[in-house]
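# Remarks on the overall topology
Read off the chains here:
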Amino acid sequence: MTLAGKKALVTGGSRGIGAAIAKTLAAEGADVAITYEKSKDLADAVVSGIKALGRFAVAIQADSADIAAIAASVDRAAAELGGLDILVNNAGIIRMNNLADIAIDDIQALLDINVRGPIVTSKSALSHLKEGGSIITVGSFFADRVPYGGLGVYAATKSALTAFSQGLARELGPKGITANIVQPGSIDTDMNPAHGPFGDPMRQLTASGRFGAGTEIGHAVAYLASDKARYVTGTMLTVDGGANA
Ligand code: NDP
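Residues numbered from 1 in each chain as written. Predicted model: local features only at pLDDT ≥ 70, side-chain atom pairs only at ≥ 80, totals over all residues. Heavy atoms only, no water.

With respect to spatial proximity, 31 residues lie near the ligand, and among them R15, K38, S39, Y154 and T189 are the closest. D63 is positioned with one of its side-chain polar atoms (N or O) 2.9 Å from a nitrogen atom of the ligand. One of the backbone nitrogen or oxygen atoms of I187 is found 2.9 Å away from an oxygen atom of the ligand. Compared with its free state, where it exposes 900 Å², the ligand has 96% of that area covered by protein. Listed by contribution, the elements that provide at least two residues to the shell around the ligand are helix 1 (16–27) and helix 5 (152–172). Class assignment for the residues of the shell around the ligand results in 11 nonpolar, 14 polar and six charged. (Near = heavy atom within 4 Å. Polar contact = N/O pair within 3.5 Å; in protein donor to acceptor, adjacent residues only side chain to side chain. Areas by Shrake-Rupley, 256 points an atom, 1.4 Å probe, with all protein chains shown as cover. Helix = DSSP H or I, 4+ residues; strand = E, 2+ residues; numbered from the N terminus. Nonpolar A, V, L, I, M, F, W, Y, C, P; charged D, E, K, R; others polar.)

Here it is, written out as structure tokens:
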């Protein structure tokens, strides 16, 4: 196990990629706190799954659009875990529409949850993280390439995270804390179901001819959080089945 004794917070850990990251970190030995917005039952199930692995776990309701809730959730996670070594900024939403038609509320929600959320969560985590810590932010392969219309605002939120994470790496490097982005490609979740209306076109973008599984993102995150990756910072690890090849 590569993360024995580490304490991790995963935002948006009730479903999809975040749930898979939380379980993968626990399988590697970490104690894990997750946040969620609405899915209490699913969050509780993730906690039960982690406890079954013999690790500590706690679920915290916190809307990533709510600055006060974010700060409180990070402090509570650190208190319940007994510290914080790993922050995974995963919670995110997608709203697809051409710029002419996208609602201002949707633009605001994308900016609040996908950009301000990870920034404020990271800011709140700074007082808890120490040497050997890591911040891993879930971006998207759409940060590098936007293959369809209707994705521009979402893609902009994800490319903003790249610049943010690089700046964070510069600030935290002297403290021995790393900051990296994991850029998933098409991962089979509620947000991007493999057999939904966009399943075939998204599959055709890949070199692998398939959607990825959340655990395939979890393994990338676990590597970046581990002591094996102490010299890896300020970078992007794209896990997209070759979609950007
Ligand atoms: P899902 O929609 O399947 O799950 C989203 C998770 O984020 C849930 O746990 C949800 O909590 C939580 N969440 C959403 N909004 C909020 C909020 N306002 N406050 C707190 N938690 C929130 O998404 P995915 O698992 O597919 O995506 C996870 C991340 O990966 C996102 O950042 C997404 O942009 C990114 N990504 C996904 C890809 C994919 O193909 N699936 C590809 C590239 C990037 P709740 O259950 O309570 O609603």
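Across its 12 residues, helix 7 (residues 214–225) extends 17 Å between first and last C-alpha, which sits within 8% of the 16 Å expected from 1.5 Å per residue. Along helix 7, the residues classified as buried are G214, I217, G218, A220, V221, A222, L224 and A225. (Expected span 1.5 Å × (residues − 1). Buried < 20%, exposed > 50% of the residue type's maximum accessible area, 1.4 Å probe, protein only.)

In this section: the pattern of salt bridges. Overall, the coordinates contain 12 salt bridges when judged by the stated rule. Put simply, R95 and D106 hold a salt bridge, and the shortest N to O gap is 3.2 Å. Remark: D106 occurs in helix 4 (residues 104–125) and R95 occurs in the loop between strand 4 (86–89) and helix 4; sequence separation between them is 11 residues. By relative accessible area, R95 is classed as partly exposed at 32%. Residue D112 is joined to R116 by a salt bridge in which the shortest nitrogen-to-oxygen separation is 3.9 Å. Of this pair, D112 and R116 both sit in helix 4, separated by four residues, roughly a single helical turn. According to the relative accessible area criterion, D112 is buried, its value standing at 15%. Salt bridges sharing partners connect three or more residues here, namely K7, D31 and R55. (Salt bridge = Lys/Arg side-chain N within 4 Å of Asp/Glu carboxyl O.)

Among the secondary structure elements, Y154 is positioned in helix 5. Residue Y154 is classed as buried on the basis of its relative accessible area of 7%. A sequence separation of 44 residues divides Y154 from L110, and the C-alpha atoms of the two residues are 6.6 Å apart. Discounting chain neighbours no more than four positions away, the residues touching Y154 are I93, I94, L110, N114, S140, F142 and M191. (Contact = heavy atoms within 4.5 Å.)

Glancing now at the environment of I181. Mapped onto the elements, I181 comes out in strand 6 (residues 178–184). Residues I181 and G5, 176 residues apart in the sequence, show an inter-C-alpha distance of 23 Å. Not counting the four nearest positions on each side in its chain, I181 is found in contact with T137, G139, L161, T162, S165, L224, T235, M236 and L237.

Looking now at the nonpolar core. Among the nonpolar cores identified, the biggest contains 31 residues, and V10, I21, L25, V32, I34, V88 and V221 are the most heavily contacted of them. Elements supplying a minimum of two residues to this core: strand 1 (7–10), helix 1, strand 2 (31–36), helix 2 (40–52), strand 3 (57–61), strand 4, strand 5 (134–138) and helix 7. With sequence-adjacent residues up to four places away left out, V10 is seen in contact with G18, I21, A22, L25, V32, A33, I34, T35, V88 and N90. Counting residues in each nonpolar core, the second largest holds 21 residues, with L84, L129, A169 and L172 among its members. (Core = buried A, V, L, I, M, F, W, Y, C linked by side-chain atoms within 4.5 Å.)

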